[in-house]
Amino acid sequence: MNALYRAMEEELALLREKGRYRFLRDLETPQGVEIVVDGKRYLNFSSNDYLGLASSGFLTGAAGELAKRWGVGAGASRLICGNMEVHRELEVEMARFKGTEECLVFSTGYMANLGIVSTLGTPETTVFSDELNHASIIDGCRMSRAKVLVYRHRDVDHLEDLLKKDENPRKVIITDGVFSMDGDIAPLPELCELKEKYGAFLVVDDAHATGVIGTGGRGTASHFGVTERVDIHMGTFSKALGTCGAYICTSRLVRDYFVNRCRPFIFNTGLPPLIAALTLVSLRHLMKHPDLPSRLREKVHLFSSVMGEEGYPLSSETPILPVIVGGDRETVAVSRRLMEEGFFVYGVRPPTVPEGTGRLRVTVTAAHEEEQIISCARTIARVMRSVRETT
Ligand SMILES: Cc1ncc(COP(=O)(O)O)c(C=O)c1O
């Protein structure tokens, strides 16, 4: 066996030993509240399908006709010949929804973040990034040629210290709107003040905020009433909108610059037109039902209040509800016990979250029934208690 294969085997053995080994589970059903894995039915509290749209009849029902109209794959990058009218229609609608001048659609959120940070991150630039930003932002920082300064999570004083000391003329502040593993919300009004005071450019990743917070699900800036003060609103279609792909909502100038300079946009096959068309259907559904996010919020509050009664108070205002377990093995044990009880609740461990903060990342969706939510919260509390007693 050559050295590389040997190294892989050793590394995987180490991950197993530490309780950090990951593997793929095959769902035998579409995404939804009830899923089947290995022939067993579970109540699913792990997806990002916050509005329950991923397998909804109005989307699956529209797919056949839309596939006939637009085909499935884009067949080329958008700058060559993979740009259909439906991409533009989606961008126009998305810009209208977010209240920005323009929008540019990407094939995934990961690509969009790589693109944003690497395009803005020239050698004359400093990127200021929250320490709990999503991995795609971190990878974008690694890919960029900018100086990268990481500020403590949501700590605007720390950010200001760094901004004050930095001498680069170009400054970019980037933050998740809703943090993907903690469900807390970035302090956008304060970030807007800092960006204005120090002449910086502000990017907000609304992957978990789109369709979830703000007026009718318009995201974090809408939640705080600061839409015009944010330079790029990035977000994904892969979560609450139930499809896949991503957007940046921004000015005409920035869009034009990205079309010319953003490598992950330029050198990537366009978002499949079928998906663009379905996303448009999903977005219009959300615009027609602006009460959907508030229905979701009621379910979130129900879960939090039951957990509070059980002695596990949660502070998240969003559908991402972390229940901290601690050690990696303990996290895996709690998640396994929940599976035995019929609940699919993913246990997240480092490096996705900081050392010692392994957690159940519970997500509640608008599609969950109240009894399912209550039963999940009570079962989690019981399992947490019993695992604590035995470890
Ligand atoms: C905050 C955040 N940004 C970006 C992404 C990447 O989005 P996508 O899954 O569409 O590539 C994710 C997804 O997991 C995310 O949680």
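Residues numbered from 1 in each chain as written. Predicted model: local features only at pLDDT ≥ 70, side-chain atom pairs only at ≥ 80, totals over all residues.

(A) Looking closely at the site of the ligand. Neighbouring the ligand are 15 residues; Thr-108, Gly-109, Tyr-110, His-134 and Ala-207 lie closest to it. Grouping the amino acids of the shell around the ligand by side-chain chemistry returns 4 nonpolar, 9 polar and 2 charged. (Near = placed C-beta within 6 Å. Nonpolar A, V, L, I, M, F, W, Y, C, P; charged D, E, K, R; others polar.)

(B) The environment of Gly-235, seen in detail. Locating Gly-235 in the fold gives a position in strand β8 (residues 232–236). Considered as a pair, Gly-235 and Gly-342 are 107 residues apart in the sequence and their alpha carbons are 32 Å apart. Those residues in contact with Gly-235 that lie beyond four places of it in its chain are Asp-206, Ala-207, Thr-210, Gly-219, Ala-246 and Tyr-247. (Helix = DSSP H or I, 4+ residues; strand = E, 2+ residues; numbered from the N terminus. Contact = placed C-beta atoms within 7 Å.)

(C) Summary view of the sheet that holds strand β3 (residues 102–106). If you trace the 7 strands from one edge of the open sheet to the other, you get β3-β9-β8-β7-β6-β4-β5, paired in mixed fashion. The open sheet is flanked by β3 and β5 (147–151), the only strands paired with a single partner. Each strand of the sheet is rotated relative to its neighbour by a mean of 20°, with strand direction disregarded. Here strand β6 (residues 170–176) pairs with strand β7 (residues 201–205) via 5 bridges, running parallel. The residue of β7 that forms the bridge with Ile-173 is Leu-202. (Pairing = 2+ DSSP bridges. Axes fitted to C-alpha atoms, helices over the stretch in contact; angles between N-to-C directions.)

(D) Up close: the pairing of β8. Extensive coverage of β8 is indicated by the burial of 5 of its 5 residues. The alternating pattern of β8 places Ile-232, Met-234 and Thr-236 and His-233 and Gly-235 on opposite faces, both of which are buried. Note that β7 and β8 share 3 bridges and pair parallel. Within β8, the position partnered with Asp-205 by the bridge is Met-234. Pairing between β8 and strand β9 (residues 246–250): 4 bridges, direction antiparallel. Bridged to His-233 within β9 is Cys-249. (Buried ≥ 20, exposed ≤ 12 C-beta atoms within 10 Å, placed from the backbone.)

Limitation: the analysis is restricted to geometry and does not speak to function.
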